[in-house]
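# Per-entry structural report
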Amino acid sequence: MPTKAMFLMIKQMLQRPFTNPFPVKHAPKDVTSLVEKIQKGEVKIYPPVPVPEGFRGKLHYDPERCIGCRLCITVCPANAMEWIPELRKIRHYVSRCMFCALCVDVCPGKKFPGEEKAVKALSMSEEFLIADYDKYSDNLIEEPPEAKEKGI
Ligand code: SF4
Ligand code: SF4
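Structure report, in brief. (Residues numbered from 1 in each chain as written. Chains lettered and ligands numbered in written order. Predicted model: local features only at pLDDT ≥ 70, side-chain atom pairs only at ≥ 80, totals over all residues. Heavy atoms only, no water.)

### As for the site of ligand 1
Around ligand 1 sit Cys76, Pro77, Ala78, Ala80, Met81, His92, Cys97, Met98, Phe99, Cys100, Ala101 and Cys103, and those are all the residues in its vicinity. Classifying every residue of the shell around ligand 1 gives 11 nonpolar, one polar and no charged. (Near = heavy atom within 4 Å. Nonpolar A, V, L, I, M, F, W, Y, C, P; charged D, E, K, R; others polar.)

Listed below in structure tokens is the structure:
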């Protein structure tokens, strides 16, 4: 004798799934063939679920706006900031960060001539796809370009 639960299950089987097939539906076993299929336009890319307003993603650092006050280093509970004395700027290690945004809150930033108010040197972006093979890859370190050029 069919029960109410069985009817409900059959009804749900006929409905569209709620899954977000990110990044693609029926992904091949390896990344190389996935990339090839994407390049040939053979698979449709589904975007990730949108992030909400105020989302705390990868921290972005604008050295031009940094006045070298070191407040971000003082408040960071994860020791994710490093002082670069030669440049009087900071280096941020994304792999150590816990995305609390305390550094963004305290950052005074800098006001350029003609601007009404100072703009912070630090900001939380909406970027969250930050997986990497190396925790010290360029992708996971925010620093002034001179630091890399001079090997500091
Ligand atoms: S977001 Fe938090 S953990 Fe990350 S660098 Fe800033 S203060 Fe440190
Ligand atoms: S990033 Fe902001 S808080 Fe950190 S040293 Fe620069 S100005 Fe100060």
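### Some thoughts on the pattern of salt bridges
When the charged atoms of two side chains lie near each other, side chains of opposite charge can form a pair. A full pass over the atoms with the stated rule returns six salt bridges. Of the charged contacts in the structure, one is a salt bridge between glutamate 82 and arginine 91, with a shortest N-O distance of 2.5 Å. Relative accessible area serves as the criterion here: at 9%, arginine 91 is assigned to the buried category. Bridged by salt links that share partners, the residues Glu82, Arg91, Glu143 and Lys148 form one connected network. (Salt bridge = Lys/Arg side-chain N within 4 Å of Asp/Glu carboxyl O. Buried < 20%, exposed > 50% of the residue type's maximum accessible area, 1.4 Å probe, protein only.)

### Things to note about the site of ligand 2
Around ligand 2, a shell composed of Tyr61, Cys66, Ile67, Gly68, Cys69, Arg70, Cys72, Cys107, Pro108, Ala121 and Leu122 is seen. By residue class, the composition of the shell around ligand 2 is nine nonpolar, one polar and one charged.

### Let's talk about a nonpolar patch on the surface
On the surface, a nonpolar cluster with roughly 480 Å² of combined accessible area is contributed by Met9, Ile10, Met13 and Leu14. Position of isoleucine 10 relative to the elements: it lies in helix 1 (residues 4-13). (Patch = residues over 30% accessible without salt bridge, like charges linked within 9 Å, V, L, I, M, F, W, Y side chains within 5 Å. Areas by Shrake-Rupley, 256 points an atom, 1.4 Å probe, with all protein chains shown as cover. Helix = DSSP H or I, 4+ residues; strand = E, 2+ residues; numbered from the N terminus.)

### Section: the side chain of histidine 92
Checked against the element boundaries, histidine 92 lands in strand 3 (residues 89-93). With near-sequence residues (within four places) excluded, histidine 92 lies in contact with Leu59, Ala80, Met81, Cys97, Leu140, Ile141 and Glu142. (Contact = heavy atoms within 4.5 Å.)

### Topic: the sheet that holds strand 5 (residues 141-142)
Spatial strand order, 2-3-5: three strands in an open sheet with antiparallel pairing. Since the sheet does not close on itself, it has two edges, and those belong to strand 2 (81-84) and strand 5, each with one partner. For strand 2 and strand 3, the ladder comprises four bridges, and the chain directions are antiparallel. What sits directly across from isoleucine 84, in strand 3, is lysine 89. (Pairing = 2+ DSSP bridges.)

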